[in-house]
Amino acid sequence: MCDTLQQRIPGQINDLSKTSTLVVAGRLEDQHDDADFIRCLNGLLAARPKHWGKAIPKSEADAVDKKGKLHRQAELVAFGDWLLVERHPGYRRKGGPEPDLRLLLKTVAAAMLELSLRPVEEKHSFASGRQENRKQVITKTDLAKRWKVLFQEERKPEHFAANLRLLKNILPAYLKHLRSGQAHFGGHVVKASPGIAEIRAGITPKRASAKPGATESSSEAAPPAPAEPKPFEVPLRYSTDEEQNKYRKGVSGPLPLPSLEYTPTPAHSTSKPEQMVFKPGLDRRDYRFRAVIDRMVLLVDTAHVTNGDSVHRALKGKIGAAPLVQDLTLKHKPGSWGVGLPELDLSKKTGQHFAILLQDPEPKLLRAVLDVLHKDLGLSAKPRMHLLEIAVDITPRTSSKPDALSLREKMVALLHRHHWVPGNDYVADETNKPRHRDARQYVSEKPQYLFQNPSKGSSVSDLQVKEPVVRRRLLRDTPGEALYLNATLNLGAKASPVMTSVQHKIADRRNPGKNTREDLAFKDRRARLEVTLSGEQSLAGRGVKTVDDLATVSFRKLTSPYLSLWLPVVPDEGDLLKDIEVQLQSRGVYGIQLRNRARYERDCETLRGSGKPLPRRTASQAMGLVRWSEMNDHIGTALDDLRKRWKTFRPS
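Residues numbered from 1 in each chain as written. Predicted model: local features only at pLDDT ≥ 70, side-chain atom pairs only at ≥ 80, totals over all residues. Heavy atoms only, no water.

A. Structural view of the packing of aromatic side chains. Summed over the entire model, instances satisfying the criterion amount to 11 aromatic pairs. With a centroid separation of 5.0 Å and 80° between ring planes, the pair formed by Trp420 and Trp566 is classed as edge-to-face. With Trp420 in the loop between helix 11 (401-418) and strand 11 (440-442) and Trp566 in strand 18 (residues 566-571), this pair connects stretches of sequence that are 146 residues apart. The same class applies to Trp420 as to Trp566, namely buried. Ring centres of Trp646 and Phe649 lie 5.8 Å apart, and the angle between their planes is 55°; on these two criteria the pair is classed as tilted. Trp646 gets classed as buried once you look at its relative accessible area, which sits at 0%. Note on Phe649: relative accessible area 3%, which makes it buried. One aromatic cluster is present, built from ring pairs that chain together Phe79, Trp82 and Tyr174. Its guanidinium or amino end placed over the ring of Tyr442, Lys494 lies 5.3 Å from that ring's centre, counting from NZ or CZ. (Phe/Tyr/Trp six-rings, centres within 6.5 Å; stacked < 30°, edge-to-face > 60°. Helix = DSSP H or I, 4+ residues; strand = E, 2+ residues; numbered from the N terminus. Buried < 20%, exposed > 50% of the residue type's maximum accessible area, 1.4 Å probe, protein only. Lys NZ or Arg CZ within 6 Å of the ring centre and 35° of its normal.)

Written as structure tokens, this is what we have:
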């Protein structure tokens, strides 16, 4: 009968894979992708005799109930995704060789089969002498028995000792991750996994009660755990009702504004006191990430004399491009060119030296532009690069408009609060106004600095933390202005080599002079993280000197460190934890990092000359911040995909 069952299982797995995304058909050893391996393993469990109860859910979204509890047949998949795909956030390995995580997951599957079959065996009197006080215990012998059933492979009980020890550390970390509210499955928050909790109890059984008269120390009672910081929400808003209606166009009916949910969780640092990390409850798998070149400026030298209007007409008439063209020997209005355009000496002839700004360039379009210029005007040298604007667009995956709107607004708010770049990477622009480097949001033409000046006379940058006037500004108790969902948030000066921007992009091809724009369709509206790199010398230093370099440059390296997200980390101390919550309302990690630096400088100044040791200096500017690896990996992958597309560019 067992042989007959084993023969039927592949067919049952194949049938299940057609009705549920929780199962993948095929041989376990053939699954190279971790997600497929997890679901193939789950199929081996799901194809057992129907001891699971309810039918298997059709999808991940169907596998979480309203209270956040996982369906039994989805628990192995959710745990496997956390362990293998997400790389087990919240758990830190304590030395030793790197474990085989796939083998560990197979051990969990064997434990699940053991616990699920026990009631069946007991009902039919198949329980083979299991002691009453061991009914909930999972032993190495139990795992060896179920391993043979699942994988048709003999394995001695002692082979499971190491994995059981590892599970005693990993499973508590996973269950704590669920309690934190940071776990997501199928777009839903997961709070409970009964089967995994049962396995944890089975491999770490409770100690027997202390005998009467035993002392407190002999019973080895554990001290009460300290209370964890409470979760909190950051409500999101627009600057006006009119702006809210504009940005929410396309969704009918009332829809409440979302909020970002934060649950402080241990950062697993070895330092004392324990460090807490603040991560918003958002699943990056709900979004698509795509990198693009939004704008570029070419410096072109022509063999024939012409003018800017003629160049514009030639390109528009032959390939449909409508570039902005500037003769470099004539005066121009600053604004669209980043760093000022190169100033040519008086020997250069008018009509032969141009800056050409292209919107949304792709390899084929750029090649067509260069071919027209070469054929009609003659190019006396390879076009050089003056500006590159590179953006990462993030859009929701869902087809539901209300859900997509909420996810888009959350992503905009997340980028506002978690984008950060070391301040030394920004320089003052050519007007030499230091405050032009500082973070500011635009809901109109006038900037709103995240740290407002208490007095109008101070124009010193936020980044000059050693200045007492700046420290007073940074450490004021007054909260900042709300970060509005319709705001564009800039870091760095427009007329400097680097400026970054976070946008809620609902329109394109804006022309402030003519007050025109093209509204985007609902599906094309998105959150955008962008960096503008300008200046011929600056770009050459980053590996892009002429247009030919676009075919070989790494966009990940080119844009580093400007398109990265960070998380705040703080000692588990009441006042500091509360300040994080306040800063996430209005200034994000930009404000958190600067206030940390300001406190450090203030403490150093207070202790200097007292004979007491100064606070330990850190080599990193990122005081109180850690890289958000999961999000940065997705951004980096999008930039790598951009590189693949531009490899097709045909150099001249």
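B. Fine view of the pattern of salt bridges. Within this structure, the stated rule accounts for 41 salt bridges. Between Asp30 and Arg27 there is a salt bridge; the shortest N-O distance is 2.9 Å. When its relative accessible area of 39% is taken as the criterion, Asp30 is described as partly exposed. Between Asp462 and Arg435 there is a salt bridge whose closest N-O contact spans 2.9 Å. You can see Asp462 sitting in the loop between strand 12 (447-449) and helix 12 (468-474) and its partner Arg435 sitting in the loop between helix 11 and strand 11, a full 27 residues away along the chain. Residue classification places Asp462 among the buried positions, given a relative accessible area of 0%. Judged by relative accessible area, Arg435 falls into the buried class, the value being 6%. Where salt bridges share partners, they join Asp294, Asp393, Arg526, Arg528 and Glu530 into one cluster. (Salt bridge = Lys/Arg side-chain N within 4 Å of Asp/Glu carboxyl O.)

Keep in mind that these numbers describe shape and distance, not what the molecule does.
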